[in-house]
Structures are given as structure tokens and as C-alpha cells.
Amino acid sequence: MGTTAIYPGSFDPVTLGHIDIARRAAAIFDKVILAIYDTPAKSLVFSTAERVAMGERAISDVPNARVQAFHGLLVDFAREVGAKVIVRGLRAVSDFEVETQMALMNRQLSPEIEVVCLVTSLNYSYLSASLIKEVIKLGGPSEGLVPDFVAEALRLKFTAQAEAAPVPRWLTG
Ligand code: PNS
């Protein structure tokens, strides 16, 4: 049967750092599910379906990895798909505190599930989806941050957002 691992996150959007961790996990575990949380407590640029579509495209060449959205508690989703392992990526010491807290909470909720943290490649250790969104929104280059199709999707989103919310005339005088 083999070991199934889930790699959860908001993935808004998937970055080269996430893809690096997903690939590392797929090299260790028999099956990896990139688990996209549908309602994170942050403002999202992409819908769940869009995040899933980009995740699928990002790991389409990894035969033992797939993408699935989830709702509710992560440990419940892990049980549902028969996953014994939760994978998370570590970029820097600053990630350690929040990851330890989440891992201990998940252990409290479900002691049979183990959290495994994988250290990201040095090239991607400074990446975060929120910083990438800011850079691309402000017209910065996307090379080395996200796949080209994600950069294109981000640019389309930001253009659409700007067009949908024109500055009212009373504000500009
Ligand atoms: O990419 P993120 O935002 O760091 O991912 C956080 C995520 C989705 C892994 C976390 O918020 C989560 O597991 N949410 C599901 C709800 C849940 O189980 N919360 C308790 C986690 S300790």
C-alpha cells in the first residue's frame, strides 16, 4: 500500500519553493497529495478551483503526486485520505516557531499522524507567496519565483482587479 503524505497549504499561488518541497516529498513517500486549504484566514487572490488548477499544472510531471482541495481540519482530511504523514517546508529559523506550534496542535488532535518538515532549497529560501504577489503586483520580474503560467495568472488577476475598481472621480478631483 505504501505511505501517503499530504503537503498542506494555502498555495495562493503555488511558488517554486512549494514545488521544490512537493518534489522532495514525492522522492521520499509513495504518494503525495498537495492539499489546498479552501478557507485560510487570509485574503486570497485565487479561488480554490484556480489554486487547484495551478497546483495540478505545477506538479503534472510528478507521477506519485496529485492535488486535492480540503475543507475543515487538516487531520480529518489526512485520515480521510489515509495519510500518516503531514509534510511542511522550512525556509528559515523564523518558520520553526509557527511550524512547531501547528505540528504540536495537530499531534494533540491526531497523535497517529506525524509531521515531517523538509528544508527548502537555498535558492527558494527567501520566497513567500505574499512577497511574490506584492512584487508582481508592482510590476517586478517573476523569474525564479513562480512558474511562468502562475506569473501570467497573477498579472491577469491584478489587471482585472485594477480595472474592476477604478478610482472614483471625487477622489482624484
Ligand atoms: O500555506 P499556509 O497558509 O502556511 O498553510 C496553513 C495550513 C493550511 C496548513 C493550516 O492553516 C491548516 O492546516 N489549516 C486547516 C485547518 C486546521 O486544521 N487548522 C489547525 C492547524 S494546527
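Residues numbered from 1 in each chain as written. Predicted model: local features only at pLDDT ≥ 70, side-chain atom pairs only at ≥ 80, totals over all residues. Heavy atoms only, no water.

**Re the site of the ligand**
Phase 1 of the analysis: Looking at the ligand, there are 13 residues lining it, with S10, K42, L73, L74 and R88 nearest.
Phase 2 of the analysis: Here S10 contributes a side-chain N or O atom positioned 2.7 Å from an oxygen atom of the ligand.
Phase 3 of the analysis: At 2.9 Å, a side-chain N or O of R88 approaches an oxygen atom of the ligand.
Phase 4 of the analysis: Compared with its free state, where it exposes 540 Å², the ligand has 77% of that area covered by protein.
Phase 5 of the analysis: In a pocket analysis with a 2 Å cut-off to the grid points, the ligand is assigned to the largest pocket.
Phase 6 of the analysis: Elements represented by at least two residues in the shell around the ligand include exactly β1 (4-9) and α4 (93-109).
Phase 7 of the analysis: Broken down by element, the shell around the ligand gets its largest block of residues, three residues, from α4.
Phase 8 of the analysis: Looking at the shell around the ligand residue by residue, the classes come out as seven nonpolar, four polar and two charged. (Near = heavy atom within 4 Å. Polar contact = N/O pair within 3.5 Å; in protein donor to acceptor, adjacent residues only side chain to side chain. Areas by Shrake-Rupley, 256 points an atom, 1.4 Å probe, with all protein chains shown as cover. 1 Å grid on protein atoms, 1.4 Å probe; cavity = no way out; pocket = protein on both sides within 12 Å on 5 of 7 lines; lining within 4 Å. Sits in = over half its atoms within 2 Å of the grid points. Helix = DSSP H or I, 4+ residues; strand = E, 2+ residues; numbered from the N terminus. Nonpolar A, V, L, I, M, F, W, Y, C, P; charged D, E, K, R; others polar.)

**Quick word on unusual backbone geometry**
Leaving glycine aside, a negative phi is the common case for residues, and trans is the common case for peptide bonds.
Phase 1 of the analysis: A cis geometry characterises the amide bond from D12 onward to P13, with omega recorded as 0°.
Phase 2 of the analysis: Within the element layout of this structure, P13 appears in the loop between β1 and α1 (16-28).
Phase 3 of the analysis: In this structure, F11 is a non-glycine residue whose phi angle is positive, near 50°.
Phase 4 of the analysis: Tracing the backbone through its elements, the reader meets F11 in the loop between β1 and α1.
Phase 5 of the analysis: The class for F11 is buried, based on a relative accessible area of 3%. (Buried < 20%, exposed > 50% of the residue type's maximum accessible area, 1.4 Å probe, protein only.)

**Some remarks on the sheet that holds β1**
Phase 1 of the analysis: Spatial strand order, β3-β2-β1-β4-β5: five strands in an open sheet with parallel pairing. Strand pairing shows two members of the sheet lacking a second neighbour, β3 (65-70) and β5 (114-119), which therefore form its edges. Across the sheet, the mean angle separating the axes of adjacent strands is 30° when strand polarity is ignored.
Phase 2 of the analysis: With six bridges connecting them, β1 and strand β2 (residues 31-37) associate as parallel partners. Residue Y7 lies in a different strand from β2, and its bridge partner there is L34.
Phase 3 of the analysis: Sheet strands in contact with helix α2 (residues 48-58) are β2 and β3, and its direction is about 170° off that of β3.
Phase 4 of the analysis: Here α4 sits on the sheet and contacts β4 (85-90) and β5; the angle it forms with β4, its principal contact strand, is near 170°. (Pairing = 2+ DSSP bridges. Axes fitted to C-alpha atoms, helices over the stretch in contact; angles between N-to-C directions. Contact = heavy atoms within 4.5 Å.)

**With respect to the pattern of salt bridges**
Phase 1 of the analysis: Enumeration according to the criterion identifies nine salt bridges in this entry.
Phase 2 of the analysis: Ionic pairing is found between E112 and R79, a salt bridge with its closest N-O pair at 3.2 Å. With E112 in the loop between α4 and β5 and R79 in helix α3 (residues 74-81), this pair connects stretches of sequence that are 33 residues apart.
Phase 3 of the analysis: Since its relative accessible area comes to 42%, R79 is described here as partly exposed.
Phase 4 of the analysis: Between R88 and E99 there is a salt bridge; the shortest N-O distance is 2.8 Å. Residue R88 is located in strand β4, and its partner E99 is located in helix α4; the two are separated by eleven residues in the primary sequence.
Phase 5 of the analysis: Where salt bridges share partners, they join D76, R79 and E112 into one cluster. (Salt bridge = Lys/Arg side-chain N within 4 Å of Asp/Glu carboxyl O.)

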